[in-house]
Amino acid sequence: MTDHLAVDGLELSFGTHQVLNRVTFSIAEGERLCLLGPSGCGKTTTLQVIAGFIQAQTGSVTVAGRPIDHLPPEKRNIGIMFQNYALFPHMTIFDNVAFGLRMRRLPAADVEQRVGEALRLVRLAHAAQKSPRQLSGGEQQRIAFARAVAIRPSLLLLDEPFSNLDARLRIEMRDELLHLLRPLKIATLMVTHDQEEAMAIADRVAVMRAGRIEQIGTPQAVYSQPANLFVAHFVGESNVLDGTVLEGSAAGTRLEAPGLGSLNARASGGLRRNDQVTVLVRPERISLLPAGAAGREPGWNYVPATLDEVVFLGHRTECRLLAGARRLTAWQAGGTIEALRLGDPVIAAWRHDDTLVVPQGAT
Amino acid sequence: MRLVGRIYAALFSLFLLAPIIAIAGGSLTTTNYVAFPPRGLTLHWYLQILQQRESLTALGLSLAIGAAAATLATLLALPVGLAFTRYRTRLNGVVYAVIMTPAMLPSVFLGLAFLVLYTPMGIGATPIGLLAGHVMIATPFALSLILVGLASLDGTLEHAARSLGASPFRAFLLITLPQISWSLAAGWAFAFMISFGSLEISLFLSTSTLVTLPVQIFMALEWSPLDPALTAISSGLAIITLVVLVVTARFVNLERFLKRA
Amino acid sequence: MTRTGSARWLRSWLLLIAVPLLVFGVFYCAPIANLLRLSFSVAEGQTGANADGLDIYAKLLGDEYFLLIVWRTVKLSLLTTLACAILCYPVSMVVAQSKGWAQTCLFIVLLMPLMTSVTVTTYGWLILLGQAGVVNSALMGLGVIDRPQRLLQNETAIVVGLVQVMSVFMVLSVAAALQSIDSNHVRAARSLGASPWSAFWRIVFPQSLPGLRTGCLLVFSLSMSAYATPGVLGGPRLKFVSFLIYQQAMQLLDWPRAAAMAVLLLIVTTGVWGLASAYGQLKTWRRRQAEAAVPAFAQAGRQGAI
Ligand SMILES: Nc1ncnc2c1ncn2[C@@H]1O[C@H](COP(=O)(O)OP(=O)(O)O)[C@@H](O)[C@H]1O
Ligand SMILES: [Mg+2]
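These numbers come from a predicted model, not from an experiment.

Colleague: Explain the UniProt feature "transmembrane region" (unreviewed entry) in chain B to me, using residue names and the numbers behind them.
Modeller: All names here are of chain B. Here the UniProt feature "transmembrane region" (unreviewed entry) sits at residues 6-35, 56-82, 94-118, 130-151, 171-194 and 233-252. In the segment residues 6-35, helix accounts for 70% and strand for 0%; the C-alpha atoms at its two ends are 31 Å apart. Summarising residues 56-82: 100% helix, 0% strand, and an end-to-end C-alpha distance of 39 Å.

Colleague: Residues and numbers for the sheet that holds strand β2 (residues 17-28) of chain A, please.
Modeller: Residues and elements named next belong to chain A. Taken in spatial order, the 4 strands make up an open sheet running β2-β1-β4-β5, and their pairing is antiparallel. Pairing within the sheet leaves two strands with one partner each, and these edge strands are β2 and β5 (66-67). In this fold helix α1 (residues 43-51) packs onto β1 (3-14), β2 and β4 (58-63), with an angle of close to 65° to the strand it touches most, β2.

Colleague: Go over the domain arrangement of chain B, please, and point to the residues and values.
Modeller: All names here are of chain B. The domain architecture assigned to chain B consists of domain 1 (1-42) and domain 2 (53-260). Placing a centre on the C-alpha atoms of domain 1 and another on those of domain 2 gives a separation of 29 Å. Contact residues are listed per partner, giving 10 residues for domain 1 and 9 residues for domain 2. Summed over both partners, the interface of domain 1 with domain 2 buries about 600 Å², with 80% contributed by carbon and sulfur atoms. For the domain 1 face of the interface with domain 2, the top three residues by lost area are I23, S27 and V34, together amounting to 67%. Here domain 1 is connected to domain 2 by 0 salt bridges. Our count for the domain 1 to domain 2 interface comes out at 0 residue pairs in polar contact (both at pLDDT 80 or more). Split by residue class, the side of domain 1 that touches domain 2 holds 5 nonpolar, 5 polar and no charged.

Colleague: So what about the nonpolar core? Which residues, and what values?
Modeller: In this structure, F109, L110 and L112 of chain B together with Y28 and I245 of chain C are the most contacted members of the largest nonpolar core, which totals 178 residues. Counting contributing residues per domain, this core is built from domain 1 (1-42) and domain 2 (53-260) of chain B, each supplying no fewer than three. Residues within four places of L110 of chain B in sequence aside, it is in contact with P102, L105, I137 and I201 of chain B together with Y28 and I32 of chain C. Within the second largest apolar cluster, 47 residues are counted, among which are F94, A118, A148 and M190 of chain A.

Colleague: Describe the packing of helix α6 (residues 127-151) of chain B against helix α8 (residues 168-197) of chain B, with residues and values.
Modeller: All names here are of chain B. Orientation of α6 relative to α8, taken along the N-to-C sense of each, is 155°, at an axis distance of 8 Å. Overall, the two elements α6 and α8 adopt an arrangement that is roughly antiparallel. Seen along the crossing, α6 lies across α8 with a hand that is right-handed. In contact with H134, I137, A138, F141, A142, L145, I146, V148, G149 and L150 of α6, α8 contributes I180, W182, S183, L184, A186, G187, F190, A191, I194 and S195. For the contact of α6 with α8, the per-class residue count stands at 15 nonpolar, 5 polar and no charged.

What counts and what doesn't
Residues numbered from 1 in each chain as written. Chains lettered and ligands numbered in written order. Predicted model: local features only at pLDDT ≥ 70, side-chain atom pairs only at ≥ 80, totals over all residues. Heavy atoms only, no water. UniProt positions renumbered as here; feature names shortened; annotations may be inferred. Helix = DSSP H or I, 4+ residues; strand = E, 2+ residues; numbered from the N terminus. Pairing = 2+ DSSP bridges. Contact = heavy atoms within 4.5 Å. Axes fitted to C-alpha atoms, helices over the stretch in contact; angles between N-to-C directions. Domains from an automatic or database assignment. Buried area = accessible area lost by both parts, 1.4 Å probe. Salt bridge = Lys/Arg side-chain N within 4 Å of Asp/Glu carboxyl O. Polar contact = N/O pair within 3.5 Å; in protein donor to acceptor, adjacent residues only side chain to side chain. Nonpolar A, V, L, I, M, F, W, Y, C, P; charged D, E, K, R; others polar. Core = buried A, V, L, I, M, F, W, Y, C linked by side-chain atoms within 4.5 Å. Buried < 20%, exposed > 50% of the residue type's maximum accessible area, 1.4 Å probe, protein only. Parallel < 35°, antiparallel > 145°, perpendicular 65-115°, else oblique. Left-handed = near helix turned anticlockwise from the far one by under 90°.

Structure follows, in structure tokens:
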């Protein structure tokens, strides 16, 4: 795979506030990358630099091997779907989608044909003569998409595409957008603060914090092997425990967690005896066994606990456990815990491989 | 409670309109002195001003100066408004202060200042000087309305146009301008009316041959306040104002005024 | 929108600003600077050791006649401001609550006196308040008076005329403040047991004070510089400062003295603005002091929420 978009070492400060801190990543041809981070971390700013609305103080942006830093936005051929869609309110849907083509001075017949194509793609050909105000939020978003892809951009930027939609429509449009994007095979950079959106749409996810990219990888990799505590917290939920390393080797790590006894964890390089570490376990990885259950399998951690609280959430049940003075959360699908009552002793079990270790200090 | 409020507002409106109603009513009287309520109804006095050369010249001058001043004020205010909304800098505050103060300073102070410097500049008693003075007092009104328009503008629209291949100028022309045209129109109309009704500035900058309508009426008030022809001219002035206001209100949502403060 | 730290934007900013600023510099700032200079110049024929630039000011400030007129101007302007504030506040509430065409009509009515030439409205008052005017006839018809009274050429007439011209500024300022108040505040107060009156008095009124202050400042400074209204309705006895300035400049052709008067008028007027904005700044400063005491994490939380 060749890099289609290469963003290299972007730095930008507003006064003393550093908004972008050596932002570096690349997108292969046809790949979808998602910048994921809390609000205010610099995602929109990154998009604006790539689009040419803001000049970074250092760093460069390359598209298809060609640096574009010196180009004004209108020469970059980058399609953008704005957070608020930015449909021109004084123009019809047709004129909105045709705008970019007319700027390129395409003959009227070609404009007509390509606008038609774009509108059919988003299944809104019948709305061509309507005004943006007459469309629903989801429809407006599809028009914004049609307008951005009608110019056949070399890169597509999507800024928080679903933030203006209500919860139900959000999921619907997420699938719709994925469905539209797949066959187009345009390199796409999407920005969001919602991890589910990011994972659903992207081939790779880049987690960003305070102007810095913390980790880039496939959704699976970022979820199951977070590089640090921040990523672990931001992508999904975790039980967080303190621990002291007893023994670290290529086969795995053995550690002592106060109140839980000794645990085995996935191998993690560079750890030595007595290092203080943070231990992470995803709640859906924890199984609950009745206290008397026999049979201990190799490769699992077993921790005795009591059932402190049960919260039914429909698609899952959240069980809060007390293991000594430590709290653990375990998610159970459906009725596996029907036989248990509050206060019952249980055993929490999870695999060694599901136990992640992050050195303390690496927050 | 609601009703009391409405009745009060209606009475207050009557108070605000009373002098204008008196003028309009008085101009219809058949007596040859002003009487309100009018005795009988006639348009005689309106026809008579058509024979008064000075009044017509003054009206023509007021309209011409008003239109020119409003146009210039709008042309000056638009780039300033754009600079303010596009670039956020402390310097904006300084420029804003310079352009808005003419609306706040005593107009007699301004009139005198203009007279004293325009005279050695060679435009003291000329239409150019009169126009320059009017532009200065009209621009603040144009600017404040244009700023209301620009503030309600969605900045990403211009970005969207740029990303689709429009040059900065075309993005402005095709996207921004249509969005703010209502505020340009309202700014122009207000600037026009400020210039059209201005008295003090014109008093200082006019000569015996260069007289705007408000100045002419003001002068005439000293000699013959009860001349019905004078009420006819005045009510003509009020009618023009009302028409411009109603037309503006027709195209512009006046409620946006409340967003300014 | 565009935000960069480079010098490139400064160039585009200057490009947009340059012409308007140049025009205002030549036709506005220069005349004002020149007038200030002129007011400090030495009156002609007055040379010698004790003639200095403040000569004219010293004479003016020792001139009882001038001071009397300044006092009248300030007094009547304050009265006008007070009357406007009291009379216009309820109207602002109606404006803020009204919608659609009713609001549009109200706006037109309010803007009419502002947009109509002040000579026209003043003339209207002359007709209404004259000896044979409709107000006198009405009062006689009601039996309040038995012969026409002189309603013109007194201070009341001036204040009435000024209130009519200035009220638009008060109404719009206050209505803008009222409209920006979240209506849920009132609902919350009512749900907590406040009567309509105390909900207004404790919730709405305090939040409208900035608008009221703006309105008062506008009305006061505009009244201070009024020319036609006091000139016509007050008659020759009750002059305002602006009339004096016009007389000095255009009839007595004493520009330096007129300039000094104009500068004094400006100082009194802008002095009030200055006091008000200093007061405003004091309040912001106090608030900042209070905010500094808020624990740092609360601040951080607030920023994170943006
Ligand atoms: N013009 C500006 N001046 C100063 N700070 C800014 C400016 N624009 C954005 N910022 C700051 O830059 C940071 C990143 O903003 P942004 O890229 O919009 O974040 P997000 O990740 O939510 O899209 C924020 O902390 C914001 O306060
Ligand atoms: Mg953002």
